[in-house]
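Survey of secondary and tertiary structure
Okay, here's what each chain looks like letter by letter:
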Amino acid sequence: MKTSSYELEIVELKKRIDKAPVLSGISLQVKKGECLCLLGSSGCGKTTLLRLVAGLDSPESGDIRFRGKSILTTPAHRRNFTMMFQDFALFPHRDVFSNISFGLEMKQWTRQRMITKVDQMLELVGLSGFGHRSIDELSGGERQRVALARALAPEPDCILLDEPLGSLDRILKERLLEDIMHILKQVETTAIFVTHDQAEAFYAADRICLLNQGRVEQVDTPTSLYYFPKTLYAARFLGFKNKIPYRYLSDHHIDTCIGRFVQNESPGHQRQEMVPGSKGELIILPDAAMNVTESEGFVDENAGPVNRIFGIVRQVSFKDGYHQVEVIPQCRDKQDARSCDDLILWFNLPKESRGLVPGTEIRLQVDPSGLRLFQEKRQQIPLGVNDV
Amino acid sequence: MDRTDASVGFGPVLAAGLIPFVFLGLFYCYPVISIFFKSFTDAGSWNGSSLIAVFTSKRMINILWFTCWQAGLSTMVTLIVGLPCAYFFSTYQFRFKQTLLTLSTIPFVLPTVVVAAAFQALIGDRGIIATPLFSHPLFMIIMAHVFYNFSVVLRIISGYWSQVSSTYADAARTLGAHPIQVFFRVHLPLIRPAILASALLVFMYCFCSFGVILILGGPKFSTIEVEIYRQAAHLFNLPMAAALSLVQIVFTFLLMWGYTRYQRKTAAPASDIQYVSKPCDRWYQKGSVLLCGCFIILFTGAPMIALFIKSIIHDGQVSLIYYRSLFDNPTHSLFYIHPVSAIKNSLIFSLVTLIIAGVVGMSSAYTIHYSPKKMASVLDPLFMLPLSTSAVTLGFGIIISLDRSIIDLRTSPALIPITHSIIAFPFVLRTVLPAIQSIPISLREASHVLGAGRFKTFMHVELPIIIKALTTGSVFAFTISLGEFGATVFTARPEYSTMPMAIFRFLGNPGHMNYGQAMAVSFLLMCMTGIGFVLIERVSGTHRGIF
């Protein structure tokens, strides 16, 4: 893809606040009409990045380009990027109408054109006839819609949304997110959406940019990010908890304390080239296992049964159409220096699965496509940062 | 408070309430009512001629008009100077912010006589920077008013402004508003209640300005306050003075009523200002903050330093002659106020005021706290009434009312601390009441359950909690009493003169010796009130109740 086809380009952006680096070299591209989500835990720099794009703060170094031209020296009010704030920042001294019309007043639209536009916006967000209400009279959800209408009214080139659902309760959140995304798709505006909520990001985004401590961890479509997290941090952030230390043998064979695993060569899954003897962490996707009897499963000619986990069922719960099973795996390799003490694995087993009784033995066959290897040098990120 | 302490019967409330009620009734309500009657009567018969004269005589109309426009102009200038500083204080983080805030508040607690003397020393015709423009009485009056009220604007507006979320400005900017548009379309409408509240308060202070105008204005400039004094003390036209007092009372009540309305909207901004602000890292931000800081230091410091310099320079040389001469009495005149006895008087009166205002303030706070909610909402503004009455009207009311009928206190020195206490006890009330209200009911209940009676609970539980607030309020009452001038000129006989009166007399008499002694006494008085204020600031860290 050519560079020029990007609407917005962020190049090596760096920013410090109180001498502490908040963004340490962020590069990112946004396509026209796309909704890009900046996902990350609090303090990862996502709101800072958004404020830099909006022009509310300025970076130490790097560049922000819009349609190929640097906009770094353009002040916020000339960028034609609007922003929706976490607390909505609706002007308390103005009613709904004049909140929405504020951006149009700044562009010196005629009164008649303004009225038409505001009415159109109110209809778009489902608040027709609310023009003369005061901000105090609005519910949280209504405020959020007014904030969205206000941000969309001046027909921005890009709309920036800073945790727009942050302060609302769960049920309202889900409904409003659907509405926002529906409206954004209707007006075909380029959008950057900041959130710490993985579910929101996966719902809203065309692409997700995962940020960690001021760096881009991964930029991908929601599906690719979920199935192929590139770093251990990404995997852990997405909630993959089945982490086991491994040692690479050769020919896609790896050894762990709970047995031997073999990666397959499924299409779409870039298998890393690795040096025999190298070490790292193995992540097993929770959906990749099924319980089998002793006679079932894949047996390698040399190594015996592979991709097999033996263990004791610790707890079973039913969740979202699955049996979620906590398994204490049985240690295979007592000599291995890496201990698998306290290791617990979680799997989502199909609801048809039988014999899931806490305290009993379980035999699981793991689908090789559900194995992710993270080599040691990639593990710059301390574990536990995002453990829930 | 919604819950009232059930363990306290109506009896103790009544007992506590008796103190402020009797005190207020005798020394506030009765004098005010006397003014009312006096302005309608002449030599015992009903006659509204004095009141009519106020609105028909050309001289009186000029005085009314001058009172209004000098207050309006002073308010405008104070706002123009204070608003940018308030912006920097609420927006940016910088070092010494608290120190600057304290420094800028010192003028507000200085006695008006000292402020007037300080401006004489700085820009008066014998001052350090004496030019025809600066030494013009009007210019000096306006400058003194700005000096005095600058911190009112700074504190109220910056306190409120810093609570206004900065995202409103961010939102406006992303919607295409130029920084100037952001200021006029977003900031200004948002801080309007604070601007109005501070403007009304400043207007009221300038409207009631007495000492500054009496000393700096000369014979040409007279406000209602000054005219009341002239009519009563020089011309002995009591009905006229009473009529003017009535007009003054009506005006100040209206102003106070307006201020309270807006002050409620600004939600106690002056107490415990918590600035949430960003660091200034651009050169122009640093520059403007630096400029603001320098301005405050220069503007508040210069008159005070001028006063000091003028008090130690004699014939172009550094000398302590003015201070030494305070101990002599060269004239042996009957009207001569001996400076040493004035200092002694001031200290004694202030100490007595501290005690009376402390007791009355605390008992009124208790009465409000333990009254049913509805009654408390009536009592609170009732006890604050003295604040909306100017000192001159109060002093005048007291001498015309307490001369014969109920008790004759006119010649008694007790009248002085009593008058001062009327003026000062609302400040004690305002500092103590929040402290009492902050005590959870459970604390008292726990004390009762553990066997302490009402009195023991008060001594061992409540008093230790409110003692800091009580100290703050009482020390403030002490400093108010030290500098009180408007009421004292009426109530104090020459032998009971206080320091402000001594300064006034010295400044009124010709000769460099008198001038120098005025500077010396002013400087001493400034140090005493300044120390009192810094002490309050150190003890409490806040200025609750000052505004």
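Residues numbered from 1 in each chain as written. Chains lettered and ligands numbered in written order. Predicted model: local features only at pLDDT ≥ 70, side-chain atom pairs only at ≥ 80, totals over all residues. Heavy atoms only, no water.

Once that is clear, we can look at the overall build of chain A. The secondary structure content of chain A amounts to 8 helices and 22 strands. Taking all 388 residues of chain A together, the buried fraction comes to 53%. Accessible surface for chain A amounts to roughly 18300 Å². Of this, 48% is attributable to carbon and sulfur atoms. (Helix = DSSP H or I, 4+ residues; strand = E, 2+ residues; numbered from the N terminus. Buried < 20%, exposed > 50% of the residue type's maximum accessible area, 1.4 Å probe, protein only. Areas by Shrake-Rupley, 256 points an atom, 1.4 Å probe, with all protein chains shown as cover.)

Moving on to helix 22 (residues 499–508) of chain B. Counting buried residues along helix 22 of chain B, 8 of its 10 residues qualify, which places the element largely inside the surrounding structure. Restricting attention to buried positions, one finds in helix 22 of chain B the residues Met499(B), Pro500(B), Met501(B), Ala502(B), Ile503(B), Phe504(B), Phe506(B) and Leu507(B).

Once that is clear, we can look at the environment of Gly473(B). Residue and element names in this part refer to chain B. By the secondary structure assignment, Gly473 is in helix 20 (residues 454–483). Separated by 48 residues in the primary sequence, Gly473 and Phe425 place their C-alpha atoms 8.2 Å from one another. Setting aside residues no more than four positions away along its own chain, Gly473 makes contact with Val428 and Thr431. (Contact = heavy atoms within 4.5 Å.)

What follows deals with the confidence of the model for chain B. A low pLDDT score tells you not to read the predicted coordinates there in detail. Residue and element names in this part refer to chain B. Per-residue confidence for chain B gives a mean pLDDT of 84; residues scoring 70 or more make up 90%. Element-level pLDDT for chain B is lowest in strand 2 (residues 45–46), with a mean of 66, against a maximum mean of 92 in helix 3 (residues 58–91). This model gives residues 1–7 a pLDDT under 50, and the stretch forms 13 contacts once residues within four places in sequence are excluded. Within the model, pLDDT remains below 50 along residues 268–273, and this stretch shows 12 contacts once partners closer than five positions in the same chain are excluded. (pLDDT = per-residue confidence, 0-100.)

Counting across every chain of the model gives 20 salt bridges over all chains. Salt-bridge contacts for Lys185(A) lead to Asp206(A); the nearest nitrogen and oxygen are separated by 3.0 Å. Of the two residues, Lys185(A) sits in helix 5 (residues 170–187) while Asp206(A) sits in the loop between helix 6 (198–204) and strand 9 (207–212), which places them 21 residues apart along the sequence. With a closest N to O distance of 3.9 Å, Arg173(B) and Asp170(B) form a salt bridge. Taken together, the positions of Arg173(B) and Asp170(B), both in helix 7 (residues 167–174) and 3 residues apart, correspond to about one turn of that helix. You can call Arg173(B) partly exposed: its relative accessible area is 23%. By relative accessible area, Asp170(B) is classed as buried at 7%. (Salt bridge = Lys/Arg side-chain N within 4 Å of Asp/Glu carboxyl O.)

All right, on to the pairing of strand 7 (residues 158–162) of chain A then. Residue and element names in this part refer to chain A. Judged by how many residues are buried, strand 7 sits mostly within the fold: 5 of 5 residues are covered. Neither face of strand 7 is left uncovered, since the one carrying Cys158, Leu160 and Asp162 and the one carrying Ile159 and Leu161 both have all their residues buried. Pairing geometry for strand 6 (residues 81–84) and strand 7, over 4 bridges, is parallel. Considered in strand 7, the bridge of Met84 is made with Leu161. (Pairing = 2+ DSSP bridges.)

So, on to the environment of Val521(B). All names here are of chain B. Along the chain, the position of Val521 falls in helix 23 (residues 512–540). Residue classification places Val521 among the buried positions, given a relative accessible area of 1%. Considering only alpha carbons, one finds Val521 and Ala342, 179 residues apart in sequence, at a separation of 9.6 Å.

This paragraph deals with the interface of chain B and chain A. On the chain A side, the residues contacting the 20 residues of chain B number 26 residues. Roughly 1900 Å² of surface becomes buried between chain B and chain A when both sides are summed, with 63% attributable to carbon and sulfur atoms. For the chain B face of the interface with chain A, the top three residues by lost area are Thr174(B), Leu175(B) and Arg185(B), together amounting to 36%. Counting across the chain B and chain A interface gives 2 salt bridges. Glu105(A) serves as the salt-bridge partner of Arg185(B), at 2.3 Å between the closest nitrogen and oxygen. (Buried area = accessible area lost by both parts, 1.4 Å probe.)

Relative to the assigned elements, Asn345(B) resides in helix 15 (residues 339–370). Not counting the four nearest positions on each side in its chain, Asn345(B) is found in contact with Glu495(B), Tyr496(B) and Ser497(B).

Further remarks concern the packing of helix 2 (residues 96–106) of chain A against helix 8 (residues 179–190) of chain B. Helix-helix packing is characterised by the crossing angle of the two axes and by the distance between the axes. Here helix 2 of chain A crosses helix 8 of chain B at 155°, and the two axes come no closer than 13 Å. Between helix 2 of chain A and helix 8 of chain B, the interaxial angle falls into the category roughly antiparallel. Where helix 2 of chain A crosses over helix 8 of chain B, the handedness of that crossing is right-handed. Of helix 8 of chain B, the residues touching helix 2 of chain A (which contributes Phe102(A), Glu105(A) and Met106(A)) are Gln181(B), Arg185(B) and Val186(B). Here the residues of the contact of helix 2 of chain A with helix 8 of chain B are counted per class, giving 3 nonpolar, 1 polar and 2 charged. (Axes fitted to C-alpha atoms, helices over the stretch in contact; angles between N-to-C directions. Parallel < 35°, antiparallel > 145°, perpendicular 65-115°, else oblique. Left-handed = near helix turned anticlockwise from the far one by under 90°. Nonpolar A, V, L, I, M, F, W, Y, C, P; charged D, E, K, R; others polar.)

What follows concerns a positive patch on the surface. Residues and elements named next belong to chain B. Taken together, the side chains of Arg192, Arg261, Arg264 and Lys265 make up a positively charged region of the molecular surface. The biggest single contributor to the positive patch is helix 12 (residues 238–265), with 3 residues. As for its placement among the helices and strands, Arg192 is situated in helix 9 (residues 192–207). Judged by its relative accessible area of 54%, Arg192 falls in the exposed class. (Patch = residues over 30% accessible without salt bridge, like charges linked within 9 Å, V, L, I, M, F, W, Y side chains within 5 Å. Lys, Arg positive; Asp, Glu negative; His and termini not counted. Charge placed at Lys NZ, Arg CZ, Asp CG, Glu CD.)

Across 5 bridges, the pairing between strand 9 of chain A and strand 10 (residues 215–220) of chain A is antiparallel. By the bridge assignment for strand 10 of chain A, Leu210(A) is matched with Gln218(A).

A word on the sheet that holds strand 15 (residues 289–291) of chain A. Residues and elements named next belong to chain A. Spatial strand order, 15-21-18-19-20: 5 strands in an open sheet with antiparallel pairing. Looking at which strands have only one partner, the edges of the open sheet turn out to be strand 15 and strand 20 (345–350). Across this sheet, the average inter-strand angle for adjacent strands is 50°, counted without regard to direction. Relative to strand 21 (residues 361–366), strand 18 (residues 308–319) runs antiparallel, the two sharing 5 bridges. Its bridge partner lying in strand 21, Ile312 is registered against Glu361.

Residue and element names in this part refer to chain A. The phi torsion at Asn80 lies on the positive side, around 60°, for a residue other than glycine. Residue placement: Asn80 occurs in the loop between strand 5 (69–70) and strand 6. Positive phi, close to 50°, is recorded for Ala89, a residue that is not glycine. Judged by relative accessible area, which is 2%, Ala89 ranks as buried.

Residue and element names in this part refer to chain A. One open sheet accounts for 5 strands, arranged 13-12-11-14-22; its pairing is antiparallel. If you trace the sheet from one side to the other, it starts and ends with strand 13 (259–262) and strand 22 (371–375), each paired once. Strand after strand, the sheet turns through a mean of 40° between neighbouring axes, direction not considered. Pairing geometry for strand 11 (residues 243–248) and strand 14 (residues 279–284), over 5 bridges, is antiparallel. For Ile244, the partnering residue across the bridge sits in strand 14 and is Leu282.

Another point: the environment of Phe221(B). Residues and elements named next belong to chain B. Within the secondary structure, Phe221 is located in the loop between helix 10 (211–216) and helix 11 (224–234). Distance in space between the C-alpha atoms of Phe221 and Ile141 is 9.7 Å, their sequence separation being 80 residues. Apart from the residues within four sequence positions on either side, Phe221 is in contact with Phe66, His136, Pro137, Leu138, Ile141, Ile213 and Arg230.

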